Amino acid sequence: MQTTERLSRRRLFGAAAACALAILAPYAPGAHAEYPDRAIKLIVPYPPGGATDVVGRVIAMKLSEELKQQVVVENRGGAGGNLGADAVARSDPDGYTLLMGAITSHSIMATLEKKTISYDLMRDLTPVATIAAVPLVFVVNPKLPIHNLQELIAYAKANPGKLTYASSGAGAPQRMAAELFKRQTGVDMLHVPYRGSGPAMTDLVGGQVLTMVETVPASLPFIKSGQLRALAVTMPERISMLPDTPTAAEAGLPNFNVASMFGVLVPARTPAPVVDRLNAALGRILVMPDTKEKLLQQGAYAVAPAPASQARQRLQAEVDQWAQVIRDANITVD
């Protein structure tokens, strides 16, 4: 009887030990060495065809090659990108559901729509890598006697509340860039919101509004045709698409650095080895000449590889900057 009891106890202890090992296995050193062992889903939180979608498809193709597993793009648009971001935030933190995030837009919405969105950007998502930056440019209708940024500031100060500026929406990066400009220079300009960049650019070219801070890809055809005049780009260095246009810093605004940023994020609590594996793969992708070229064809500049910790710092800086601008300008969704 005693022998039987000892055997039973051994079996119980053995079963308990096996269960404990199974529970602890995902956290053991080297447990994620085989990641990924199946297809990965990259959620683009916007409809097909936009900048985020195109950038996401470039990254998905290259990431499939790097990880030797298929990376499938899934468009899940709605609520200005918040539905797709929420879906990723609620996914299993295992590295098999990624978000192709429009970092600047998500950062703005984190404050502007804080009461309505169902996830917390910094708490529920983990940045893996910053991927690309789309520069913005100050443009004016050529009928204005303005040829540089200092002349724009002087004109706005001489005509307080009369200089109209367009944007593609109340919470768009273009609007926020203009509000940051107002905050840094102390000028008073009149905001005219539009439903998208297309209508805004049409009225700017037609002279119904007079100035705008717009993405370079959307502005470039009109700048080249002479229908708009470029004053300054918002990146720290001059860009290849507008090599003769000075930066905002060169034009007298040393702390003005704004771009529409894109990055890859995963659900919070995704294991660090998985985040590091993805970060390393994306880092290798971003230095490839063909990746840079494909991104540049969409008006996006590849960002230099950096650890995931720096991606988080950059995201936090975006959130903090736009939260301050929104508070100072008392911006609302309406």
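In this text, all values refer to a predicted model and were calculated from it rather than measured experimentally.

Let's shift gears to the overall build of the protein chain. Scanning the protein chain for helices and strands turns up twelve helices and ten strands. Of all intrachain contacts in the protein chain linking residues separated by at least 6 positions in sequence, the fraction that spans at least 24 positions is 77%. For the protein chain, the computed accessible surface area is about 15600 Å², with 55% contributed by carbon and sulfur atoms.

Before going further, it helps to examine the nonpolar core. Grouped together as the largest cluster of nonpolar side chains are 40 residues, with contacts concentrated most on L125, V137, I239 and L242. Looking at this core, you find at least three residues from each of domain 1 (40-134 + 259-329) and domain 2 (135-251). Here L242 is in contact with V137, V216, L220, I223 and V233, once residues within four sequence places are set aside.

A separate point is helix α4 (residues 103-112). With nine of ten residues buried, α4 lies mostly within the body of the structure. Those residues of α4 not exposed but buried are I103, T104, S105, H106, S107, I108, M109, A110 and L112. Residues of α4 that are buried in the fold lie against α3 (82-89), β3 (97-102), α5 (121-124), α7 (173-185), β9 (259-267) and α12 (308-329).

Moving on: the pairing of strand β1 (residues 40-44). Two faces, one strand: in a regular strand the side chains alternate between the faces of the sheet. Counted residue by residue, β1 has four buried out of five residues, so it is predominantly covered. Pairing geometry for β1 and strand β2 (residues 71-75), over five bridges, is parallel. Residue V44 lies in a different strand from β2, and its bridge partner there is N75. Read from β1 through helix α2 (residues 51-67) to β2, the crossover connection turns out right-handed. In this sheet, β3 lies alongside β1 in parallel orientation, the contact comprising three bridges. The partner of K41 across the bridge, within β3, is T97.

A few words on the packing of aromatic side chains. Using the criterion set out here, one finds three aromatic pairs in the structure. On the numbers, 5.5 Å between centres and 50 degrees between planes, the contact of F138 with F256 is tilted. Placement of F138 in strand β4 (residues 125-140) and of F256 in the loop between β8 (229-233) and β9 is noted, with a sequence separation of 118 residues between them. The exposure classification of F138 matches that of F256, with both residues buried. Site record: aromatic cluster; members linked through ring pairs are F138, F181 and F256.

With 90% of its residues at a pLDDT of at least 70, the protein chain reaches an overall mean of 91. Between residues 1-8, whose pLDDT stays under 50, and residues either more than four places distant or in other chains, the model counts zero contacts.

On to α3, then. Most of α3 sits out of view: seven of its eight residues are buried. Looking at α3, one finds that the buried residues are N82, G84, A85, D86, A87, V88 and A89. Check the buried side of α3 and you find it contacts β1, β3, α4, α5, β4 and β9.

Here the focus is the packing of α7 against α12. Closest axis-to-axis distance for the α7/α12 pair is 10 Å, and the angle between their directions is 70 degrees. The angle between α7 and α12 falls in the class roughly perpendicular. Of the two possible hands of crossing, α7 and α12 adopt the one that is left-handed. From α7, M176, A177, E179, L180 and R183 reach across to α12, where they touch Q321, W322, Q324, V325, I326, D328 and A329. A class-by-class count of the residues in the contact of α7 with α12 yields seven nonpolar, two polar and three charged.

Its location among the elements puts A177 in helix α7. Separated by 39 residues in sequence, A177 and F138 have C-alpha atoms that sit 9.5 Å apart. Filtering out sequence-adjacent residues up to four positions away, A177 remains in contact with L136, V213, F256, V258 and W322.

Turning our eyes to something else, we now look at the pattern of salt bridges. Two side chains of opposite charge can pair, provided their charged atoms sit close to one another. Applying the stated criterion across every chain, the model contains 13 salt bridges. Close ionic contact of R38 with D94 constitutes a salt bridge, the shortest N to O distance being 3.4 Å. Of this pair, R38 sits in the loop between α1 (2-24) and β1 while D94 sits in the loop between α3 and β3, placing them 56 residues apart in sequence. Under the relative-accessibility criterion, R38 is labelled partly exposed at 41%. Linked through salt bridges whose partners overlap, the residues forming this network are K41, E74 and R76.

Calculation notes
Residues numbered from 1 in each chain as written. Predicted model: local features only at pLDDT ≥ 70, side-chain atom pairs only at ≥ 80, totals over all residues. Heavy atoms only, no water. Helix = DSSP H or I, 4+ residues; strand = E, 2+ residues; numbered from the N terminus. Contact = heavy atoms within 4.5 Å. Areas by Shrake-Rupley, 256 points an atom, 1.4 Å probe, with all protein chains shown as cover. Core = buried A, V, L, I, M, F, W, Y, C linked by side-chain atoms within 4.5 Å. Buried < 20%, exposed > 50% of the residue type's maximum accessible area, 1.4 Å probe, protein only. Domains from an automatic or database assignment. Pairing = 2+ DSSP bridges. Right-handed = clockwise from strand over helix to strand, strands pointing away. Phe/Tyr/Trp six-rings, centres within 6.5 Å; stacked < 30°, edge-to-face > 60°. pLDDT = per-residue confidence, 0-100. Axes fitted to C-alpha atoms, helices over the stretch in contact; angles between N-to-C directions. Parallel < 35°, antiparallel > 145°, perpendicular 65-115°, else oblique. Left-handed = near helix turned anticlockwise from the far one by under 90°. Nonpolar A, V, L, I, M, F, W, Y, C, P; charged D, E, K, R; others polar. Salt bridge = Lys/Arg side-chain N within 4 Å of Asp/Glu carboxyl O.

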